[in-house]
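Residue strings, one per chain:
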Amino acid sequence: MVSGSDWDTYLAAMIEAAQQETARLDCDGAQRRWRFANFGNALTEIHRGTARPLPCGAAYGYLSVDVDGRYATCHRTVGDPRFELGSIGSRSDDARAAFLSARLVDTQQPCRDCWARYLCGGGCHAEVTHAGRDGCDMIRGWLDFCLAAYPELRRRFPTLFSTDKSAERSPTHG
Ligand code: SF4
């Protein structure tokens, strides 16, 4: 498990990888594409002006269901009663609405006061519940780096930010 000073090491490695990605993009010519998905996704979201009210689609765009017919907010929370949302035939949309409402970045603390909230979305519900928010400084450091990198990358590699290329981002993140 990542903890303590590991986060600084992790952030430094992410930034180094992004710098290598930038150097590679410089050499790739007209066919250039993102390979470092975390970097490409972050830059694409910044370019689009994305404002995330939630970190992902758990309980919003999808649910998971276990072999006994119980609904969970996502595949990572199956079997955890803290994330249960009823069962087949008696799904609780009130519980689902309450779950989401409590986790909006404009609702929950410390996200409500965090400058990075609309790019971060508040962190994976399952991870935050199990491990807390130890990595927030790393997330903010990474997004700070990406925001600073965006103007130059957009100027140097405009085709990466065309509508078609932006639509090619992988559906990861959060
Ligand atoms: S960086 Fe941490 S405090 Fe800020 S929005 Fe993300 S999870 Fe919330």
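Structural data are supplied above this passage.
Residues numbered from 1 in each chain as written. Predicted model: local features only at pLDDT ≥ 70, side-chain atom pairs only at ≥ 80, totals over all residues. Heavy atoms only, no water.

**A look at helix α1 (residues 6–27)**
Line of reasoning, step 1. If you check α1, its first and last C-alpha atoms are 32 Å apart, about what 22 residues at 1.5 Å a residue would give, namely 32 Å.
Line of reasoning, step 2. Within the sequence span of α1, burial applies to Trp7, Leu11, Met14, Ile15, Ala18, Glu21, Thr22, Arg24 and Leu25.
Line of reasoning, step 3. Looking at the packing, one finds that the buried side of α1 touches α2 (37–48) and α6 (136–156).
Line of reasoning, step 4. After α1 finishes, the residue Gly29 shows a positive phi value of roughly 70°. (Helix = DSSP H or I, 4+ residues; strand = E, 2+ residues; numbered from the N terminus. Expected span 1.5 Å × (residues − 1). Buried < 20%, exposed > 50% of the residue type's maximum accessible area, 1.4 Å probe, protein only. Contact = heavy atoms within 4.5 Å.)

**Focus: the packing of α2 against α6**
Line of reasoning, step 1. Packing of α2 against α6 leaves a shortest axis separation of 9 Å and a crossing angle of 70°. By the angle between their axes, α2 is roughly perpendicular relative to α6. Listed contacts from α6 to Asn38, Phe39, Ala42, Leu43, Ile46 and His47 of α2 are Trp142, Phe145, Cys146, Leu147, Ala149, Tyr150, Leu153 and Arg154.
Line of reasoning, step 2. For the contact of α2 with α6, the per-class residue count stands at 11 nonpolar, 2 polar and 1 charged. (Axes fitted to C-alpha atoms, helices over the stretch in contact; angles between N-to-C directions. Parallel < 35°, antiparallel > 145°, perpendicular 65-115°, else oblique. Nonpolar A, V, L, I, M, F, W, Y, C, P; charged D, E, K, R; others polar.)

**Observations regarding the packing of aromatic side chains**
Line of reasoning, step 1. One pass over the full model with this rule turns up 10 aromatic pairs.
Line of reasoning, step 2. Aromatic side chains Phe36 and Trp142 sit 6.0 Å apart centroid to centroid with 50° between the ring planes, which places their arrangement in the tilted category. A residue pair is termed long-range when its members are at least 10 positions apart, and Phe36 in the loop between α1 and α2 and Trp142 in helix α6 qualify at 106 residues.
Line of reasoning, step 3. Residue classification places Phe36 among the buried residues on the basis of a relative accessible area of 16%.
Line of reasoning, step 4. Each residue in the set Trp34, Phe36, Phe39, Trp142, Phe145, Tyr150 and Phe161 is aromatic and connected to the rest through ring pairs, giving one cluster.
Line of reasoning, step 5. If you follow Arg103 out to its NZ or CZ, it ends over the ring of Phe99, 3.7 Å from the centre. (Phe/Tyr/Trp six-rings, centres within 6.5 Å; stacked < 30°, edge-to-face > 60°. Lys NZ or Arg CZ within 6 Å of the ring centre and 35° of its normal.)

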